[in-house]
Amino acid sequence: MIMGWLAFYLRKLYSIVRGEILVLPSRVVVVLFCLFLLLLPLFSKDPYMLRILIQASIFAILAASWDLLSGFTGQMNFGHALFFGVGAYTAALLNLHLHVPPWGSIPFGALAAVLAGLVIGIPCLRLRGTYLALTTLAFPIILMGIVFTLPGITGGELGVSGISRLSGSRIGDYYITVVLMLGLTTLMWKITDSKTGIIFHAIREDELAVRASGINTTRYKLLAFSLSGFFAGLSGGLYAHFMRIAGPSTLEVGLSFTVVIWAVFGGIVTIYGPVAAVFILFPLLEFLRFWPEYRTLMFAVVILLILLYMPEGLIPWIRDKIEKQCPRCKLRNVAVRKTCRVCTASLD
Amino acid sequence: MRRLKVGWMMMAALGLVLAIALPARAADVIKIGVIGPMNFMQGKAHWNGATMAAEEINAKGGVQVGQKKMMIELVKADSNEHINVTDATNAMERLMTQSKVDFVVGGFRTEAVLAMQDIAMDYKKIFIGCGAATDELCLRVAKDYNKYKYWFRQTPINSTFLGRTSFIHLATVGAILKKSLNLPQVKIAVVGEKAVWTEGMIKAAEATIPKMGMEVAGIWQPSPVATDVAAELSAIQRSGAHIIFTIFSAAVGITFARQAGELKIPAVQVGINVEAQKDGFTQATQGMGNYVMTLNTYARGVEFNELTKPFVDAYIKRFGETPTYNAGTYDAIKYTLAPAIEKTGTLDADKLVAYIENSKYMASAGTIAYLKDAEGRPLHEITWGPGYVTSVGVQWQDGELKGVWPNQWKATPEAPEVTYKGIVPYKIPPWVIEAYKK
Amino acid sequence: MILDIIVSGLISGSVYALLAIGFCLIFGVARIVNIAHTAFYMVAGYGIYFGTHKLGFHPLWCMLASVIMVTLFGLIAYKLFIDPIREHEAAVLICTIAMAMAMQEIMLLMFTGDFLSVPSLMEGFFKVLGVKIFYQQLLTFGLVLLILIALWALLMKTKLGLAIRSTAQDREVANLMGINESRAAMVTMGITVGLAGLAGAVVVPLTILEPFMWMHPLIMMMAVVVLGGLGSLKGSFVGAYILGFAEALVVFLIPKGAFLKGSVALSVMILVLLIRPEGLFGVAFEEER
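Here, residues in each chain are numbered from 1, in the same order as that chain's written sequence. Following the order in which they are written, the chains are lettered starting with A and the ligands numbered starting with 1. Totals for whole chains, interfaces and linings use all residues, but because this is a predicted model, local features are given only for residues with pLDDT of at least 70 and pairs of side-chain atoms are given and counted only at 80 or more. To get the side-chain values, all heavy atoms of the structure are used, and hydrogens and water are removed first.

Take helix α11 (residues 217-243) of chain A next. Residue and element names in this part refer to chain A. Secondary structure elements are taken from DSSP: a helix is a run of H or I of four residues or more, a strand is a run of E of two residues or more, and numbering for both begins at the N terminus. A helix is expected to reach a length of 1.5 Å times the quantity of its residues less one. Taking 1.5 Å per residue as the helical rise, α11 with its 27 residues ought to reach 39 Å, and the 38 Å between its terminal C-alpha atoms agrees with that figure. The element α11 is largely enclosed, with a buried count of 22 among its 27 residues. Just downstream of α11 lies R244, where phi reads positive at about 60°. Classification of residues uses two cut-offs on accessible area relative to the type maximum, computed with a 1.4 Å probe and protein chains only: under 20% is buried, over 50% is exposed, and between them is partly exposed.

Next up, the structure:
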């Protein structure tokens, strides 16, 4: 009886895998990636490698949250480090002074980042394009000034240290961050697929038209800032608890720029683009450690070259090479096919 | 077909990652990691000091560990701490898990060292600090001995002692000025860069200076990366200060000295100016940094004991510049770790910690003994005072950094006078003499 | 005290104006947000250091050589990396960031991270009503005015200037009118990089040379340009002095808070933008065409 029931679901799983996942290489890659991340500790418990992947996961959440705001909603945010830093500091302070455990301090840190999102979202409502970008750049710098003004609370340049760990072990930390990363990015992706996500995308394309359609763009823009802030704040809190220190380095301009680089490199207006970019570039930067002097230079050169040939971003370029869109039903197919898998129209 | 290709690519990627992950291990060497910002002065000094120590020890056959002799192998780790604390922690972890070092020396930026210390303590490896002065690093040892006992500080003396020594400099120069220039009351302008580490010192200065019989003319706090302090200098001049008590560790030290020299402000600079410790200071200030006085760990020609001169001279000969405090990695390896290993006959961290914390030995910077706090808990902090490490007060005279303190210094009225070999008298800038001649 | 503030404000305002004008120009004409602008400024400074310190030439010749070299370098970089992808503004932006990072790293490799300095063109200072002013600062101020006049003459009185202005106003129509729009962009790029190099030559003796020095002026410069209104030269000029004075006020009125001057200046910018979203002199039309 139970065997029959199990067999039914296994067959269903098989047909889903064959029908939905294996038809498109991009989906296969995603599934393999998830499996790789989840099953890695079974093969290697090397703490250094796990550390790199944990940090990559944290930054992947950050980059994806940037894409949600700046890619989809078109509000170019050059101060994303603000959310990260607010999340990190809040979680750290709550943990240190009020002894709130990580599973409490991190969400509160994220909520503080949401508030920060609203604080910067409101002035930015009337700004467009480059004005918006440069204004958002200013906020983390102002906050950093405040951080240095109140060294008693924030520890100034020393930051807040002595924070408790995420979990008892490196493997525990790893699974928490990886599962959170996969979950949150899926959530973000689902948001972009929902009605809200469509409105975000529309705001980016033509805000005037959206307003003309009767939608309150102010509310949606603020929502975008808040959501982006929430996810970025979560990643900040995770960072603080993993590194066990939250310092002014979480608010640096360099971090904001790096997030933008990752996202554009991977491809904006996707959520998976920035995630992939982080997982490619961050280990690459670590890998290049054996040429310590040339590391950052090579990083910059790689970015320059990639942007030269793939200005849309790496992942969309790869995706275009391995998949084709059917002209009739608009569904994606493997590039080698001659006819669409659903409507059998010719793909050439 | 394409699916299979993707699958194989993933396998290959996994294999590559694992290949990097699997560490290499050579036998019978003592691996010491040297971690610091290798693209900058501090990291270079870390590496230079360590290299010299390792080579000298290896030239004699290595370190005697019980029955056999083992050579020292240094592992360079670029923490990049100026830019990125994440990088620093990754570098430390890499040292621990990939390079599998036995000991670590180095560190510089406080925020990064606090994080790196945690990692080294997790792996129970001895980490000897040669950079950050913050008291917190050693206070942690007292608070949580079992976790942090593997940490020792080699250089510099901690912030509290740095403050105390600078006040002694102030008193010394204040007395010289009062006598030579016939001043009724010496006024001091306190200028510290806006940073957490200077806060305590500024408050202490406000309290201590009146007790020394001098007056605080005002307090200024420029940004650590200020490129123009002419405004502050105008205000300082107007306040009538005779001495400027500088508390700088960042670039503002250069800007301040240069502009003060260019504007011929009638006040002498005494205190802490880390940039002024470097040989490149004259070029960086375009020669205007003459007569600046600062605290330093080494100075050409100054000898704390018989180990100082061989080290300083060899360092200058090999690297062309005076060693800075970061080159204390030399002392850390040659006079702290190696003798401890030989005496205990083991590389076991716990046994070494127990030995080192109770030892008193000579190093090139002075005699090292480790402090305990008021409750008797070990701090693993180096002792400051005559007969131990006092650091040296240096002054730029005609493009050369000369030692000017301690010069007939008495720590307490009953203590014996201390003057190191190679100390020369302090010089007052001519334009200051001119300004007060009336 | 008031005089101190005025002098200090004028000086820092001039420095920002020098940088902002170039940045504003290239944005107005080619819609390129050149994050590497201050990086060129840094490279020019290093060029002068190399010339004076390692080769021993007189600072003036090093300045000229530096400016020319930086301009050429900028043009080549533009042609190789930016021109091909000019249509994708986001990618151009990242490209300039990457270029700035690359320049920073190359300087780090060549000159290490130590703080260096460059000799002033004119040493010494003089006193005006009790305030000491460096000759070099006066030079900076004078040069800003000179450059502004030269630029105004170029833009208003020459054919090239006309081409640049029309491209800035409406790229497509300018193209239709027979102006080679991409060549105008290239020439403008050369002018702005030259301006950045000139700013470096004049300002660097007043400041400290290190591979990361391009970040702080970048932020202030962008604040100035945004405050003044993107694409408006007059706006950049005015904005530069406003922010320069704001900083001077902070330094003098709150000596203990001198490090906050950057934050205060940026807050001023945000406040102005709240009231007038296109900046003081910016044009409020639909940018995207």
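Once the structure has been displayed, the description carries forward.
Whether two residues touch is decided by their heavy atoms; if any such pair falls within 4.5 Å, the residues are in contact. Taken together, the contact between chain A and chain B spans 42 residues of the former and 40 residues of the latter. Two parts placed together each lose some accessible area; with a 1.4 Å probe, that loss summed over both constitutes the buried area. Together chain A and chain B conceal approximately 3,400 Å² of surface at their shared face, both sides included; 59% is due to carbon and sulfur atoms. Across the pair E93 of chain B and R51 of chain A runs a salt bridge, and its minimum N-O distance is 2.0 Å. With six residues, helix α3 (residues 47-72) of chain A is the single largest residue contributor to the side of chain A that touches chain B. When residues are sorted by character, Ala, Val, Leu, Ile, Met, Phe, Trp, Tyr, Cys and Pro go into the nonpolar class, Asp, Glu, Lys and Arg into the charged class, and all the rest, Gly among them, into the polar class. Across the side of chain A that touches chain B, the residue classes tally to 23 nonpolar, eight polar and eleven charged. A side-chain nitrogen of Lys or Arg and a carboxyl oxygen of Asp or Glu constitute a salt bridge if their distance falls within 4 Å.

What follows is about the pattern of salt bridges. Residue and element names in this part refer to chain B. One pass over the structure, following the stated rule, counts 26 salt bridges over all chains. With a closest N to O distance of 3.0 Å, E375 and R377 form a salt bridge. Owing to a relative accessible area of 32%, R377 belongs among the partly exposed residues under this scheme. Among the ionic contacts, a cluster of salt bridges with common partners joins D118, E136, R140 and K147.

Here we come to the interface of chain A and chain C. With 35 residues of chain A at the interface, the matching set in chain C holds 43 residues. Regarding the contact of chain A and chain C, the summed buried area is about 3,500 Å², with carbon and sulfur atoms giving 83% of it. Sorting the residues of chain A by area buried against chain C places Y131, L134 and L304 of chain A first, and these three jointly supply 20% of that buried surface. Two N or O atoms count as a polar contact when they lie within 3.5 Å, although within protein this holds only if one can serve as hydrogen donor and the other as acceptor, and sequence-adjacent residues are included solely when both atoms are side-chain atoms. On the surface where chain A and chain C come into contact, there are two residue pairs in polar contact (both at pLDDT 80 or more).

Bringing the packing of helix α12 (residues 253-266) of chain A against helix α14 (residues 295-309) of chain A into the picture now. Residues and elements named next belong to chain A. Fitting a line to C-alpha atoms yields each axis, with helices limited to the stretch in contact; the angle taken between N-to-C directions then spans 0 to 180 degrees. Packing of α12 against α14 leaves a shortest axis separation of 10 Å and a crossing angle of 35°. The two elements α12 and α14 meet at a crossing, and its hand is left-handed. From α12, I261, V264 and F265 reach across to α14, where they touch V302, I303, I306 and L307. In terms of residue class, the contact of α12 with α14 is made up of seven nonpolar, no polar and no charged. In this scheme the crossing of two helices becomes right-handed for a clockwise turn of the near helix relative to the far one and left-handed for an anticlockwise turn of less than a right angle.

Aromatic pairs are defined between Phe, Tyr and Trp rings, using the six-membered ring for Trp, whenever the two ring centres lie within 6.5 Å; interplanar angles under 30 degrees are classed as stacked, those over 60 as edge-to-face, and all others as tilted. Tallied over the entire structure, the rule returns 35 aromatic pairs over all chains. Ring plane angle 45° and centroid distance 6.0 Å describe the contact between F59 of chain A and Y239 of chain A, whose orientation is recorded as tilted. Separated by 180 residues along the polypeptide, F59 of chain A in helix α3 and Y239 of chain A in helix α11 bring together distant segments of the chain. Each member of the pair, F59 of chain A together with Y239 of chain A, is buried. Ring geometry for Y330 of chain B versus Y335 of chain B: centroids 6.1 Å apart, planes at 70°, classification edge-to-face. Three or more aromatic residues joined by ring pairs form one cluster here, namely Y298, F311, Y315, F319, Y330 and Y335 of chain B. Here the basic side chain of K264 of chain B rests over the ring of W431 of chain B, its NZ or CZ set 5.2 Å away from the ring centre. Two conditions define a charge located above a ring, namely a distance within 6 Å from the ring centre to NZ of Lys or CZ of Arg, and an angle within 35 degrees of the ring normal. It is R31 of chain C that lies over the ring of F27 of chain C; its NZ or CZ is 5.2 Å from the centre.

This part covers the sheet that holds strand β6 (residues 151-155) of chain B. Strand pairing in a sheet relies on backbone hydrogen bonds. The paired strands run either parallel or antiparallel. Residues and elements named next belong to chain B. In this scheme, strands are said to pair when DSSP sees at least two bridges between them. Strand order across the open sheet formed by six strands is β2-β3-β1-β4-β5-β6, with mixed pairing between neighbours. Two strands close off the open sheet at either side, each with one partner strand: β2 (63-65) and β6. Across the sheet, the mean angle separating the axes of adjacent strands is 30° when strand polarity is ignored. Looking at chain direction, strand β1 (residues 29-36) and strand β4 (residues 103-106) are connected through four bridges and run parallel. Directly across from I35, in β4, lies its bridge partner G106.

Attention now goes to the sheet that holds strand β11 (residues 293-296) of chain B. Residue and element names in this part refer to chain B. Pairing within the open sheet is antiparallel, and its three strands lie in the order β11-β15-β16. Looking along the sheet, the strands with just one partner apiece sit at the ends: β11 and β16 (400-405). Averaged over all pairs of adjacent strands, the angle between strand axes in this sheet comes to 40°, irrespective of strand direction. In terms of strand pairing, strand β15 (residues 392-397) meets β16 through five bridges, oriented antiparallel. When the bridges of β16 are listed, G393 appears paired with W405. Along the sheet, helix α7 (residues 159-181) makes contact with β11, β15 and β16, crossing β11 at roughly 145°.

On to the environment of V65 of chain B. Residues and elements named next belong to chain B. Relative to the helices and strands, V65 is located in strand β2. With 45 residues separating them along the chain, V65 and T110 place their C-alpha atoms 33 Å apart. Those residues within four positions of V65 in sequence are excluded, and the remaining contacts are I30, M70, I341, G345, T346 and L347.

Moving on: the side chain of E199 of chain B. One can find E199 of chain B in helix α8 (residues 196-211). A distance of 3.3 Å separates the side chain of E199 of chain B from the side chain of K194 of chain B, its partner in a polar contact. Apart from residues lying up to four places away in sequence, E199 of chain B is in contact with P151 of chain A together with K194 and Q221 of chain B.

Okay, a nonpolar patch on the surface next. A patch consists of residues exposed above 30% relative accessible area that lack any salt bridge, with like charges linked at up to 9 Å and nonpolar side chains (Val, Leu, Ile, Met, Phe, Trp, Tyr) linked at up to 5 Å. For the accessible areas, the method is Shrake-Rupley and the probe is 1.4 Å, while residue cover comes only from the protein chains on display. A cluster of nonpolar residues, M1, I2, M3, W5, L6, F8, Y9, L10 and L13 of chain A, forms a patch on the protein surface that exposes about 1,100 Å² of accessible area. Tracing the backbone through its elements, the reader meets W5 of chain A in helix α1 (residues 2-21).

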